[in-house]
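Residue strings, one per chain:
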Number of protein chains: 2
Amino acid sequence: MAVKVHGASMSTCTARVLACLHEKGVEYEFVSVGLADGAHKQQPFLSLNPFGLVPVLEDEDLTLFESRAITRYLAHKYKDVGTDLLRLESLPESASVNVWMEVEAHQFNGPMQALIYQFIVNPKFGLPVDEQVVESNSEKFGKVLDVYEERLSKSKYLAGDYFSMADLHHFPYIVYFMTTPKSSLITSRLHVNAWWEDVASRPSIMKIKEGLKFD
Amino acid sequence: MAVKVHGASMSTCTARVLACLHEKGVEYEFVSVGLADGAHKQQPFLSLNPFGLVPVLEDEDLTLFESRAITRYLAHKYKDVGTDLLRLESLPESASVNVWMEVEAHQFNGPMQALIYQFIVNPKFGLPVDEQVVESNSEKFGKVLDVYEERLSKSKYLAGDYFSMADLHHFPYIVYFMTTPKSSLITSRLHVNAWWEDVASRPSIMKIKEGLKFD
């Protein structure tokens with residue numbers, strides 16, 4: 001039985017899981033959750049994820065939520081097929097992948113999310129752009145990207161000279177970010193920009209980023 | 001050669017790593033980083049972690065940062081000694097541990113950190129408590145804890161009936177939180193409170209929480 005992903009194609013967290021499945025070459029069934037109707041905040045969805053967030057993965061009698069836990073599960077379950085995303089055969093390499101996965105979650109995600117809300121989410125709900133939030137988070141994000149620039153001048157990808165889950169976890173927000181007036185924070189940094197162009201040209205990413213549109 | 005932890009005893013992220021080492025029964029060397037003097041924002045510390053944050057782990061020629069990546073590394077390296085924190089022998093169990101580790105990082109940490117800043121960090125710098133931030137984050141945190149209460153009514157610990165890394169990752173902020181006027185968000189929830197009393201009474205946690213004082 002194919003694994004089942006409950007999600008929405010515009011959702012960055014859903015995209016993370018779908019790209020992982022494509023990297024692994026694993027077939028899946030996609031169940032679209034009606035975010036606009038608030039289906040994720042009601043039953044029966046809440047019995048899948050009590051926090052009311054997409055995505056959810058169902059694999060026979062196992063139900064998992066939190067996108068970064070789902071991708072980790074998939075990388076373990078399908079460790080011998082497709083792209084080696086967690087480098088489980090090498091303790092130093094898997095440690096490096098984990099460091100940069102945590103950097104995504106704890107250094108990159110915060111200011112990035114704040115900027116995406118200001119430029120893309122809030123306007124859809126008629127909320128004004130808060131210039132102070134934009135400025136403080138642009139500055140914060142620029143400092144994070146300075147570290148990335150230095151890192152990516154020494155290795156082709158974040159964890160080392162191999163594409164890994166650390167790179168994959170970053171892609172969905174960057175797709176949206178590149179449509180904002182602050183995209184030069186990426187394009188002005190030589191190595192960050194080259195890394196992003198490389199990541200964005202992978203077949204799995206090209207396929208899934210088509211869905212990342214906030215209509 | 002013993003692993004070396006660069007950190008500060010008052011730091012929640014440092015405490016997470018130290019408790020993990022105690023659960024594993026692994027000896028370590030502790031190198032105190034002078035946060036009050038800004039030593040973490042200068043060389044030579046920045047060559048260990050370019051983000052300028054504690055803790056950092058050095059294990060021979062491997063240098064790792066991000067506390068949650070360090071604990072994961074230690075759990076893999078010392079998987080056969082001490083507490084089984086990641087349940088690596090069972091794919092469904094390790095998946096459950098990962099789900100609740102991500103819940104800590106993405107649902108629990110945000111509102112918890114906001115409340116700790118309001119009640120403990122800001123006052124030390126002469127900043128006033130922002131009642132609006134306290135109220136919105138208390139409400140948000142309460143909803144997260146409602147899910148925890150339901151979960152902990154069905155299993156003794158977050159991932160299942162076994163203490164795991166998911167539980168361990170929560171403890172440092174809760175130690176500080178229990179000293180704030182909002183501690184009843186924990187104590188008023190029967191199962192969350194029983195879980196916390198159990199976690200807080202573990203020898204590793206009792207040992208490390210002594211250092212969690214914001215002077």
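So, how was this worked out
In every chain, residue numbers begin from 1 and rise along the written sequence. Chains carry letters from A onward and ligands carry numbers from 1 onward, assigned in written order. Per-residue local features are limited, in this predicted model, to residues with pLDDT of at least 70; the limit for side-chain atom pairs, both in listing and counting, is 80 or more; totals at the level of whole chains, interfaces and linings are taken over all residues. Excluding hydrogens and water, the side-chain figures rest on all heavy atoms present in the structure. A pair of strands is treated as paired once DSSP finds two or more bridges between them. Here a strand is any run of E in DSSP of at least two residues, a helix any run of H or I of at least four, and the numbering for each starts at the N terminus. Helix axes use the C-alpha atoms of the stretch in contact, all axes being lines fitted to C-alpha atoms, and the angles between their N-to-C directions lie in the range 0 to 180 degrees. To line up the copies, we fit them by least squares on C-alpha atoms, keeping just the residues with pLDDT of at least 70 in both. Any two residues whose heavy atoms approach within 4.5 Å are treated as being in contact. By definition, the buried area sums, over both parts, the 1.4 Å-probe accessible area that each loses when the two are put together. We define a salt bridge as a contact between a side-chain nitrogen of Lys or Arg and a carboxyl oxygen of Asp or Glu at a distance within 4 Å. Polar contact is defined as a pair of N or O atoms within 3.5 Å, subject to the rule that within protein one atom must be able to donate a hydrogen and the other to accept it, and that residues adjacent in sequence are counted only when both atoms are side-chain atoms. A 1.4 Å probe rolled over the protein chains alone gives each residue an accessible area, and that area as a share of the maximum for its type sets the label: buried under 20%, exposed over 50%, partly exposed in between. A pair of cysteine sulfur atoms is labelled a disulfide when the two atoms are within 2.5 Å.

## Digging into the sheet that holds strand S4 (residues 62–65) of chain B
Residues and elements named next belong to chain B.
- With mixed pairing, four strands are arranged side by side in an open sheet as S2-S1-S3-S4. A single partner strand is all that each edge strand has here, and the edge strands are strand S2 (28–32) and S4. Direction aside, the axes of adjacent strands within the sheet are offset by 20 degrees on average.
- Across five bridges, the pairing between strand S1 (residues 3–7) and S2 is parallel.

## Let's talk about the relation of the copies chain A and chain B
- Rotating chain A by 180 degrees about the axis while translating it 0.0 Å along that axis superimposes it on chain B, leaving an RMSD of 0.0 Å. Both copies of the chain, as the preceding transformation shows, are related through a two-fold rotation axis. Looking at the rotation axis and the C-alpha trace of chain A, the residue lying nearest is A:Ala105, at 4.0 Å.
- Taken together, the interface assignments show that 100% of the residues at the interface of chain A recur at the interface of chain B, consistent with an identical surface on both copies.

## As for the interface of chain A and chain B
- Taken together, the contact pairs 27 residues of chain A with 27 residues of chain B.
- For the chain A and chain B pair, buried surface summed over both sides reaches about 2600 Å², with 77% attributable to carbon and sulfur atoms.
- Remark: the boundary between chain A and chain B carries zero salt bridges.
- In this assembly, chain A and chain B are joined by four residue pairs in polar contact (both at pLDDT 80 or more).

## A short note on the pattern of salt bridges
- Summed over the entire model, instances satisfying the criterion amount to 20 salt bridges over all chains.
- Taking the shortest distance from any N to any O, the salt bridge between A:Glu104 and A:Arg16 comes out at 3.7 Å. Of this pair, A:Glu104 sits in helix H4 (residues 91–124) while A:Arg16 sits in helix H1 (residues 12–24), and the two are 88 residues apart along the sequence.
- Of the charged contacts in the structure, one is a salt bridge between B:Asp146 and B:Arg189, with a shortest N-O distance of 2.8 Å. Placement of the pair is B:Asp146 in helix H5 (residues 131–152) and B:Arg189 in the loop between helix H7 (184–187) and helix H8 (190–200), with a sequence separation of 43 residues.
- Since its relative accessible area comes to 14%, B:Arg189 is described here as buried.
- Shared partners join several salt bridges into a network, and the residues in it are A:Arg16, A:Arg68 and A:Glu104.

## Some thoughts on the state of the cysteines
All names here are of chain B.
- Taken as a whole and judged by the stated rule, the model has zero disulfides over all chains.
- Of all cysteine sulfurs, the one in Cys13 lies closest to Cys20, which takes part in no disulfide; the gap is 13 Å.
- Judged by its relative accessible area of 0%, Cys20 is buried.

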